[in-house]
2 protein chains.
Amino acid sequence: MEARRLRFVLFGDSLTQKSFDECGWGAALQSTYQRKADVCLRGYSGYNTRWALQLLAHTFPEEVVPADLTTVFFGANDANIPGLAGDHSRQHVPLGEYKDNLRVILKRVKQNEASDLPAGANNLKAVLLITPPPVDVDAWQKHCASFKDGSPDNPPNRTFEYTKQYADAAIEVGKETGTPVLDLYAHFTKLPEWKTLLCDGLHFTPEGQKEVFKAVIRAMNSEFPHLQQERVDMDFPDHKAIDEKDPASSFLPPSP
Amino acid sequence: MEARRLRFVLFGDSLTQKSFDECGWGAALQSTYQRKADVCLRGYSGYNTRWALQLLAHTFPEEVVPADLTTVFFGANDANIPGLAGDHSRQHVPLGEYKDNLRVILKRVKQNEASDLPAGANNLKAVLLITPPPVDVDAWQKHCASFKDGSPDNPPNRTFEYTKQYADAAIEVGKETGTPVLDLYAHFTKLPEWKTLLCDGLHFTPEGQKEVFKAVIRAMNSEFPHLQQERVDMDFPDHKAIDEKDPASSFLPPSP
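Please read these numbers as outputs of a predicted model, since none were measured by experiment.

A.B. asks: I'm lost on the interface of chain A and chain B in this one. Help?
C.D. replies: Bring the parts together and some accessible area is lost; that lost area is often taken as the interface size. Contact with chain A, which involves 44 residues of that partner, is made by 44 residues of chain B. When the two sides are added together, the surface that chain A and chain B hide from each other amounts to roughly 4,000 Å², 55% of it contributed by carbon and sulfur. Interface area lost by chain A to chain B is led by His58, Arg90 and His239 of chain A, which between them contribute 16%. At the boundary of chain A and chain B, one finds four salt bridges. At the boundary of chain A with chain B, the tally comes to 22 residue pairs in polar contact (both at pLDDT 80 or more).

Here is the structure:
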């Protein structure tokens, strides 16, 4: 018996790149789908959607069938406030361009929808758009002040309210393109302890990672029932099902 | 700028399959090599080397260039004591066959060494053989007794001494085939607290996972200096190196 493994691609900025750090949501996804899916980490720390466009041809090549699940998780860097001194404002992307870029990314990720794959195959390609989480400005200010040229008197380069606009914009693009959205901004702000889930006001603590994982799995189970872990076959037989006397009979030959 | 990502394959039994669980050594490896390597989980819970042979054609197809690093980590199930009632003895593989199977696995994993890859390319394909860790018999007995048909009076299906023979056999095969070996059995037994690193006498606690990771990284750094994390390029430029005015100029076009 052999079932093809599913392939999940996690595409995003540092909130994705760090998803295999302690208690990381990406690692937890790989653990949950052990023997069922390969989780491919495509997180790019510091990247905004403008720079992410440069990665598309490499990361989602035209000749490759889209992943069974792709998470698209950008916005935390686009939402840097423009016009400030220092390194952050260069990451800023205006709201309209952010939405355009997300549209391009989503189109590319779903690229083969009109291709000659078996009928229905593309309906099963799941894409989950994730909004940036809220920023704890006080903690983030403190963090930034600890760097070279940092000072607690510098104006904040990210704020709770400014990032909210990017979360809302992602939701709009999701609706417009028929892409399920995990509104992590809303999810976090509803938790009384949300500030404790961020280690520096922006990135996740181990507890924050666990919260992201729970939210991702809940969204997957609800939006893409065919990907529910219980419904996905393991790639090879459980060891208890292997014929002890004739192991080979429990395995089909590899596909030609 | 673009560098190909390295590819690491972790091949083994449950001690590998669970390597993305909390603080897992596989997840930590992926975290360490974020943007540098893709870590591919090929752990098969309950499998011994005899059954692992059935996976080789699928997991290491002839037409695919060997991974940049492959860990081969079997023996914990082969070392089940034969001839006992219950499900465990069926996993037993005699010591001589265990060594033969390891030889076949290592040969397959290094399969393309004589192929027409660019000169030197295969010298850089790293294979790390990992010995099974020691068994804490009291804890494992207690664990097994909690299952159906289990009883504290059943004879132990694994022992500290019996598994040692398999660890020693793996070391022999490593020497004979010129494959670097991480002797996890010796590593653990040297730690006064080693029993606390196993959650059921056999599998790793989160602290045990961290210890395995430290040992794997130390072995990699020593045996395969070209894979040292600091020496591997990121796949795309650091965000700080992207030309703000002309982002495309910071990225080479994808390979044809």
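There's plenty left to go through after this.
A.B. asks: Mind showing me how you'd approach the pairing of strand S2 (residues 37–43) of chain B here?
C.D. replies: The side chains of a regular strand alternate between the sheet's two faces. Residues and elements named next belong to chain B. For S2, a buried count of seven out of seven residues is recorded, marking the element as mostly surrounded by other parts of the structure. Sheet topology note: the strand S1 (residues 6–12)/S2 ladder contains seven bridges and is parallel. Bridge pairing links Leu6 to Ala37 in S2.

A.B. asks: What is the right way to read the pairing of strand S3 (residues 69–73) of chain A from this model?
C.D. replies: Residues and elements named next belong to chain A. The buried fraction of S3 is high, at five of five residues. Of the two faces of S3, the one carrying Leu69, Thr71 and Phe73 and the one carrying Thr70 and Val72 are both buried. Sheet analysis places strand S1 (residues 6–12) next to S3, joined by five bridges and oriented parallel. Residue Gly12 lies in a different strand from S3, and its bridge partner there is Phe73.

A.B. asks: Is there a simple way to explain the sheet that holds S2 of chain B in this structure?
C.D. replies: Neighbouring strands of a sheet are bound in pairs by backbone hydrogen bonds; such pairs are parallel or else antiparallel. All names here are of chain B. On the basis of which strands lie adjacent, the open sheet formed by five strands has the order S2-S1-S3-S4-S5 and parallel pairing. Whereas interior strands pair on both sides, the edge strands pair on one side only; in this sheet they are S2 and strand S5 (181–182). As defined by bridge partners, strand S4 (residues 126–130) adjoins S5 across two bridges and the pair is classed as parallel. Each residue of the ladder has a partner; that of Leu129, found in S5, is Val181.

A.B. asks: It is not clear to me how the sheet that holds S3 of chain A should be interpreted in this structure. Could you clarify?
C.D. replies: Residues and elements named next belong to chain A. Strand order in this open sheet of five strands is S2-S1-S3-S4-S5, and the pairing throughout is parallel. Of all the strands in the sheet, just strand S2 (37–43) and strand S5 (181–182) have a single pairing partner and so form its edges. Here helix H2 (residues 25–32) sits on the sheet and contacts S1, S2, S3 and strand S4 (126–130); the angle it forms with S2, its principal contact strand, is near 165 degrees.

A.B. asks: I keep staring at the nonpolar core and nothing clicks. Help me out?
C.D. replies: Generally speaking, a soluble globular protein has its nonpolar side chains buried in company with each other. Grouped together as the largest cluster of nonpolar side chains are 82 residues, with contacts concentrated most on Phe8 of chain A together with Phe8 of chain B. If we ignore the near neighbours within four places in the chain, the residues touching Phe8 of chain A are Leu29, Tyr33, Ala37, Asp38, Val39, Cys40, Asp68, Leu69, Met220 and Leu227 of chain A.

A.B. asks: How should the side chain of Arg158 of chain B be read in this particular structure?
C.D. replies: Residue and element names in this part refer to chain B. Relative to the helices and strands, Arg158 resides in the loop between helix H6 (137–145) and helix H7 (160–177). For the buried Arg158, which has no salt bridge, the nearest side chain bearing the opposite charge is Asp13, at an N-O separation of 7.1 Å. Of the polar contacts made by the side chain of Arg158, one reaches the backbone oxygen of Ala76; its length is 2.9 Å. One polar contact links Arg158 to Asn77, side chain to side chain, over a distance of 2.7 Å. What Arg158 contacts, discounting residues up to four positions off in sequence, is Ala76, Asn77, Ala79, Asn80, Ile81, His88, Gln91, Val135, Val137, Trp140 and Leu202.

A.B. asks: Would you mind going over the packing of aromatic side chains with me for this structure?
C.D. replies: Any two aromatic rings considered together are summarised by their centre-to-centre distance and by the angle between their planes. All names here are of chain A. This model, assessed by the stated rule, comprises 29 aromatic pairs over all chains. Summarising the aromatic geometry, the rings of Phe11 and Phe74 are spaced 5.0 Å apart at their centres and angled 80 degrees between planes, so their arrangement reads as edge-to-face. A residue pair is termed long-range when its members are at least 10 positions apart, and Phe11 in strand S1 and Phe74 in the loop between S3 and helix H5 (95–109) qualify at 63 residues. On the basis of relative accessibility, which here comes to 0%, the residue Phe11 falls in the buried class.

A.B. asks: For this particular structure, what's the right way to read the relation of the copies chain A and chain B?
C.D. replies: In this structure, two copies of a chain are linked by a rotation about an axis accompanied by a shift along it. Overlaying chain A with chain B gives an RMSD of 0.0 Å, the required rotation being 180 degrees about an axis along which the chain moves by 0.0 Å. Here the symmetry operator amounts to a two-fold rotation axis. Among all residues of chain A, the minimum C-alpha distance to the rotation axis is found for Ala27 of chain A, at 2.9 Å. The overlap is high: 100% of the interface residues of chain A also sit at the interface in chain B, so the same surface is used on both sides.

A.B. asks: Help me understand the packing of helix H5 (residues 95–109) of chain B against H7 of chain B in this model?
C.D. replies: Angle between the axes and distance between the axes are the two parameters that describe a pair of packed helices. Residues and elements named next belong to chain B. Where H5 meets H7, the axes come as close as 10 Å, and the angle between the chain directions of the two elements is 40 degrees. The orientation of H5 with respect to H7, classified from their angle, is oblique. H7 is crossed by H5, and the crossing has right-handed handedness. Note on element contacts: H7 touches H5 through Gln165, Tyr166, Ala169, Ala170, Glu172, Val173, Glu176 and Thr177, opposite Leu95, Tyr98, Lys99, Leu102, Arg103 and Leu106. A breakdown of the residues in the contact of H5 with H7 according to their chemical character gives eight nonpolar, two polar and four charged.

A.B. asks: Just to check I follow, could you spell out the pattern of salt bridges for this structure?
C.D. replies: Opposite charge on two side chains allows them to pair when their charged atoms are near. Going through the model one piece at a time under the given rule, you end up with 30 salt bridges over all chains. Arg4 of chain A serves as the salt-bridge partner of Asp68 of chain A, at 3.2 Å between the closest nitrogen and oxygen. Taken together, the residues Asp68 of chain A in the loop between helix H4 (56–59) and S3 and Arg4 of chain A in the segment before S1 connect sequence positions 64 residues apart. In this structure Asp68 of chain A comes out as buried when scored by relative accessible area, which is 7%. One salt bridge connects Glu62 of chain B with Arg108 of chain B, and the closest N-O pair in it is separated by 3.9 Å. Within this pair, whereas Glu62 of chain B is found in the loop between helix H4 (56–59) and strand S3 (69–73), its partner Arg108 of chain B is found in helix H5, the two being separated by 46 residues in sequence. Judged by relative accessible area, which is 57%, Glu62 of chain B ranks as exposed. Overlapping salt bridges bring together Arg5, Arg35, Asp38 and Asp235 of chain A together with Arg42 of chain B as one network.

A.B. asks: What's the story with H6 of chain B in this structure? I'm lost.
C.D. replies: Residues and elements named next belong to chain B. Restricting attention to buried positions, one finds in H6 the residues Trp140, Gln141 and Cys144. The arc that holds every buried residue of H6, seen down its axis, measures 105 degrees, which confines them to one face. In H6, the exposed residues that point more than 90 degrees away from the buried face are Asp138 and Lys142.

A.B. asks: Can you help me understand unusual backbone geometry in this one?
C.D. replies: All names here are of chain A. Look at Arg35: it is not a glycine, yet its phi comes out positive at around 65 degrees. As for its placement among the helices and strands, Arg35 is situated in the loop between H2 and S2. For Arg35, a relative accessible area of 2% corresponds to the buried category.

Rules used in this analysis
Residues numbered from 1 in each chain as written. Chains lettered and ligands numbered in written order. Predicted model: local features only at pLDDT ≥ 70, side-chain atom pairs only at ≥ 80, totals over all residues. Heavy atoms only, no water. Contact = heavy atoms within 4.5 Å. Buried area = accessible area lost by both parts, 1.4 Å probe. Salt bridge = Lys/Arg side-chain N within 4 Å of Asp/Glu carboxyl O. Polar contact = N/O pair within 3.5 Å; in protein donor to acceptor, adjacent residues only side chain to side chain. Buried < 20%, exposed > 50% of the residue type's maximum accessible area, 1.4 Å probe, protein only. Helix = DSSP H or I, 4+ residues; strand = E, 2+ residues; numbered from the N terminus. Pairing = 2+ DSSP bridges. Axes fitted to C-alpha atoms, helices over the stretch in contact; angles between N-to-C directions. Core = buried A, V, L, I, M, F, W, Y, C linked by side-chain atoms within 4.5 Å. Lys, Arg positive; Asp, Glu negative; His and termini not counted. Phe/Tyr/Trp six-rings, centres within 6.5 Å; stacked < 30°, edge-to-face > 60°. Least-squares fit on C-alpha atoms with pLDDT ≥ 70 in both. Parallel < 35°, antiparallel > 145°, perpendicular 65-115°, else oblique. Left-handed = near helix turned anticlockwise from the far one by under 90°. Nonpolar A, V, L, I, M, F, W, Y, C, P; charged D, E, K, R; others polar. Arc of directions from axis to C-beta.

None of the figures reported here should be taken as evidence of function without further support.
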